[in-house]
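An overview of the molecular structure
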Amino acid sequence: MDKREAIGSWLSGPRAAAEDAGVDFGYRGEQLGLPEEGPGSIARPGRRLGALAVDWGLCLLIAYSLITDGYTPSTSNWTLLVFLVVSLLTVGTLGFTPGKRLFGLRVVSLETGTVRPLGSLIRTVLLCLALPALIWDRDGRGLHDRLARTVEVRM
């Protein structure tokens with residue numbers, strides 16, 4: 001191995017170096033038995049962030065116009081509370097929030113295919129804490145999804 005190959009694998013990261021060595025990681029969601037593309041496949045990060053932005057914007061609008069009657073320092077706290085309630089109610093009953101529906105996403109349980117209320121509670125509370133949602137596994141599932149035994153898929 002010459003110096004260029006060694007530096008290239010270091011810059012590319014451990015996954016690229018392992019793939020060059022012949023390790024097959026498969027596609028995202030393969031370990032969960034989900035399809036690679038199309039309906040039922042794992043949602044991409046861009047769609048998930050877009051849905052989150054739409055949901056947050058709607059909750060901000062509700063908090064701004066109905067609760068705080070204008071922008072105050074407490075508006076962001078009320079927005080988080082409205083987001084918690086909306087997510088609990090919609091994900092726990094329908095499997096999606098308005099933003100997820102707009103982007104064609106759905107939250108499903110790995111065992112049953114529908115989200116249980118307790119799973120929705122765990123997932124939503126951890127999502128509101130933000131840190132568990134930033135820790136992902138190789139399938140693209142956040143820690144909040146892993147602990148709630150859910151996965152966000154395309155419709």
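Now for a look at the structure at hand. All chains use their own residue numbering, which begins from 1 and follows the written sequence. Restriction of local features to residues with pLDDT of at least 70 applies here, the model being predicted, together with a cutoff of 80 or more for giving and counting side-chain atom pairs; totals for whole chains, interfaces and linings are based on all residues. Side-chain numbers here rest on the full set of heavy atoms in the structure, without hydrogens or water.

1. A word on the overall build of the protein
Counting its secondary structure elements, the protein contains 8 helices and 2 strands. Under the DSSP-based scheme used, a helix requires at least four consecutive residues in state H or I and a strand at least two consecutive residues in state E, with every element numbered from the N terminus. Listing each helix as α and each strand as β along the protein from the N terminus yields α-α-α-α-α-β-α-α-α-β. Note on areas: Shrake-Rupley with a 1.4 Å probe; residue coverage comes only from the protein chains shown. Put simply, the protein shows about 9300 Å² of open surface, and 65% of that area lies on carbon and sulfur atoms.

2. Considering helix 3 (residues 45-67)
Helix length check: helix 3, at 23 residues, gives a terminal C-alpha distance of 31 Å against a target of 33 Å (1.5 Å per residue), a fit within 8%. For helix 3, the full list of buried residues reads Arg48, Gly50, Ala51, Asp55, Cys59 and Ala63. Two residues or fewer past helix 3, Asp69 is found with a positive phi of approximately 55 degrees. What a helix is expected to span follows from its residue count: subtract one and scale by 1.5 Å. In this scheme, a residue with accessible area under 20% of its type's maximum is buried, one over 50% is exposed, and one in between is partly exposed, where area comes from a 1.4 Å probe on protein chains only.

3. Things to note about the packing of aromatic side chains
Classification of ring pairs rests on two measures: the distance between centres of Phe, Tyr or Trp rings, Trp counted by its six-membered ring, which must be within 6.5 Å, and the angle between planes, read as stacked under 30 degrees, edge-to-face over 60 and tilted in between. Tallied over the full model, the rule gives 1 aromatic pair. Judged by centre distance (5.8 Å) and plane angle (55 degrees), the ring pair of Trp56 and Phe83 falls under tilted. Of this pair, Trp56 sits in helix 3 while Phe83 is found in helix 4 (residues 75-93), placing the two residues 27 residues apart along the sequence. By definition here, charges over rings are those cases where NZ of Lys or CZ of Arg is within 6 Å of the ring centre and within 35 degrees of the ring normal. Over the ring of Trp136 we find Arg48; its NZ or CZ atom is 5.9 Å from the centre of that ring. The lysine or arginine in question, Arg101, covers the ring of Phe96, its NZ or CZ lying 5.6 Å from the ring centre.

4. Examining a nonpolar patch on the surface
Taken together, the side chains of Ile62, Leu66, Ile67, Trp78, Leu81, Val85 and Leu89 present a nonpolar region at the surface, about 640 Å² in accessible area. Elements that contribute at least two residues to the nonpolar patch include exactly helix 3 and helix 4. With 4 residues, the single largest contributor to the nonpolar patch is helix 4. Exposure above 30% relative accessible area and the lack of any salt bridge qualify a residue for a patch; like charges then connect within 9 Å, and the nonpolar side chains Val, Leu, Ile, Met, Phe, Trp and Tyr within 5 Å. Salt bridges are identified by distance alone: a Lys or Arg side-chain nitrogen within 4 Å of an Asp or Glu carboxyl oxygen.

5. Notes on the pattern of salt bridges
Evaluation of the coordinates by the stated rule reveals 7 salt bridges. In this structure, the salt-bridge partner of Arg48 is Glu152, at a minimum N-O distance of 3.2 Å. Residue Arg48 is located in helix 3, and its partner Glu152 is located in strand 2 (residues 150-154); the two are separated by 104 residues in the primary sequence. Like Arg48, the residue Glu152 is buried in the burial classification. We note a salt bridge from Arg146 to Asp137, for which the minimum N-O separation is 2.9 Å. On the accessibility criterion, Arg146 (45% relative accessible area) is partly exposed. In the salt-bridge network here, residues are joined through shared partners; they are Arg48, Lys100, Arg123, Asp145 and Glu152.

6. What to know about the packing of helix 4 against helix 6 (residues 117-129)
At a minimum axis distance of 9 Å, the contact between helix 4 and helix 6 shows a crossing angle of 150 degrees. The angle between the axes of helix 4 and helix 6 places the two elements in the roughly antiparallel class. For the element pair helix 4 and helix 6, the recorded crossing hand is right-handed. In this structure, helix 4 contributes Leu80, Phe83, Leu84, Ser87, Leu88, Val91 and Gly92 to the contact, and helix 6 contributes Ser120, Leu121, Thr124, Val125, Leu127 and Cys128. Here the contact of helix 4 with helix 6 is built from residues that sort into 9 nonpolar, 4 polar and no charged. Inter-axis angles, ranging from 0 to 180 degrees, are taken between N-to-C directions of lines fitted to C-alpha atoms, where helices are fitted over the stretch in contact. An angle below 35 degrees is read as roughly parallel, one above 145 as roughly antiparallel, one from 65 to 115 as roughly perpendicular, and any other as oblique. Left-handed describes a crossing whose near helix is turned anticlockwise from the far helix by less than a right angle; the clockwise case is right-handed. Any pair of residues with heavy atoms lying within 4.5 Å of one another is described as a contacting pair. When residues are grouped by polarity, Ala, Val, Leu, Ile, Met, Phe, Trp, Tyr, Cys and Pro land in nonpolar, Asp, Glu, Lys and Arg in charged, and all others, Gly among them, in polar.

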